[in-house]
Amino acid sequence: MDADSPATPKRSLTEILFVVFLRLIAIVCFWFGLQYWAMLVGYTYDGRARFDLLSLPWRAAASALAVAYPVVSLGLWMSASWGAVLWVIAAGTQVLMFQVWPEIFGRNLVLPLLHGLVAALYLVFRLALFLEERRKMEERVRVDLP
């Protein structure tokens, strides 16, 4: 029976670290989602940031992020490509909130920096995986011409 079973390819260290990175970011995104839900239902900020007490821009942004971040978390945990795409949208929304419209949402300098760091690490991982795959393809396909 073992000979008929398909062989699963062994993951490289880069692939393992990339999955660990995605899962750590998934946990953080889930935490962001929980924070937004806690704010909207009045659990945090002594109930002063409940949905019915927020201004219209805050209602729209907080509601969208409260839904988006748990979905992003699921996508990143499963290492699905759509998880990273949704993360870019959610993180971009937060960066826009705190950098472009600080008079509405307040100023937060740490969050955009952290999103930028995560984006840079993601790009480094994708580049490393691309170069690793390219190296594997070159090793697999060799043409020795006389």
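Keep in mind that what you see is a predicted model, and the values were worked out from it rather than measured. (Residues numbered from 1 in each chain as written. Predicted model: local features only at pLDDT ≥ 70, side-chain atom pairs only at ≥ 80, totals over all residues. Heavy atoms only, no water.)

(A) Representation of the nonpolar core in the model. Judged by nonpolar contacts, the single largest core of 30 residues is most densely connected at Tyr36, Met39, Trp58, Leu76, Trp87 and Met97. Secondary-structure elements contributing two or more residues to this core are helix 1 (13-40), helix 2 (56-77), helix 3 (81-100) and helix 5 (110-140). Top contributing element to this core by residue count: helix 1, with 10 residues. Ignoring sequence-local partners within four residues, the contact set of Tyr36 consists of Trp58, Ala62, Leu65, Ala66, Tyr69, Gln94 and Met97. (Core = buried A, V, L, I, M, F, W, Y, C linked by side-chain atoms within 4.5 Å. Buried < 20%, exposed > 50% of the residue type's maximum accessible area, 1.4 Å probe, protein only. Helix = DSSP H or I, 4+ residues; strand = E, 2+ residues; numbered from the N terminus. Contact = heavy atoms within 4.5 Å.)

(B) Region of the structure containing helix 1. Taking 1.5 Å of rise per residue, 28 residues should cover 40 Å, and helix 1 covers 41 Å from first to last C-alpha, within 8% of that figure. Backbone geometry just after helix 1 places Gly42 at a positive phi near 90 degrees. (Expected span 1.5 Å × (residues − 1).)

(C) The layout of surface pockets, seen in detail. By volume, the largest pocket is sized at about 280 Å³. Together, 13 residues line the largest pocket, and Phe32, Gln35, Tyr36, Met39 and Tyr45 are the ones closest to its centre. With six residues, the single largest contributor to the lining of the largest pocket is helix 1. Per-class residue counts for the lining of the largest pocket are nine nonpolar, four polar and no charged. (1 Å grid on protein atoms, 1.4 Å probe; cavity = no way out; pocket = protein on both sides within 12 Å on 5 of 7 lines; lining within 4 Å. Points joined across faces, edges and corners; volume = space filled by probe spheres on them. Nonpolar A, V, L, I, M, F, W, Y, C, P; charged D, E, K, R; others polar.)

(D) Highlighting the environment of Leu74. Along the polypeptide, Leu74 turns up in helix 2. Residue Leu74 is classed as partly exposed on the basis of its relative accessible area of 47%. The spatial distance from the C-alpha of Leu74 to the C-alpha of Phe18 is 16 Å, given a sequence separation of 56 residues.

(E) Representation of unusual backbone geometry. Its identity as a non-glycine residue notwithstanding, Asp46 has a phi of 55 degrees, on the positive side. Mapped onto the secondary structure, Asp46 falls in the loop between helix 1 and helix 2. One non-glycine residue, Ser79, lies in positive phi territory at about 60 degrees. Within the secondary structure, Ser79 sits in the loop between helix 2 and helix 3. Residue Ser79 is classed as partly exposed on the basis of its relative accessible area, which comes to 36%.

(F) The arrangement of the packing of aromatic side chains in detail. By the definition in use, this model includes five aromatic pairs. An angle of 50 degrees between the planes, with centres 5.6 Å apart, marks the rings of Phe18 and Phe125 as tilted. Taken together, the positions of Phe18 in helix 1 and Phe125 in helix 5 put the pair 107 residues apart, joining distant regions of the chain. Of the two residues, Phe18 and Phe125, both sit in the buried class. Aromatic ring contacts, followed pair by pair, group Phe18, Phe21, Tyr122 and Phe125 into a single cluster. The ring centre of Trp77 lies 4.7 Å from the NZ or CZ of Arg23, which sits over that ring. It is Arg59 that lies over the ring of Phe51; its NZ or CZ is 5.1 Å from the centre. (Phe/Tyr/Trp six-rings, centres within 6.5 Å; stacked < 30°, edge-to-face > 60°. Lys NZ or Arg CZ within 6 Å of the ring centre and 35° of its normal.)

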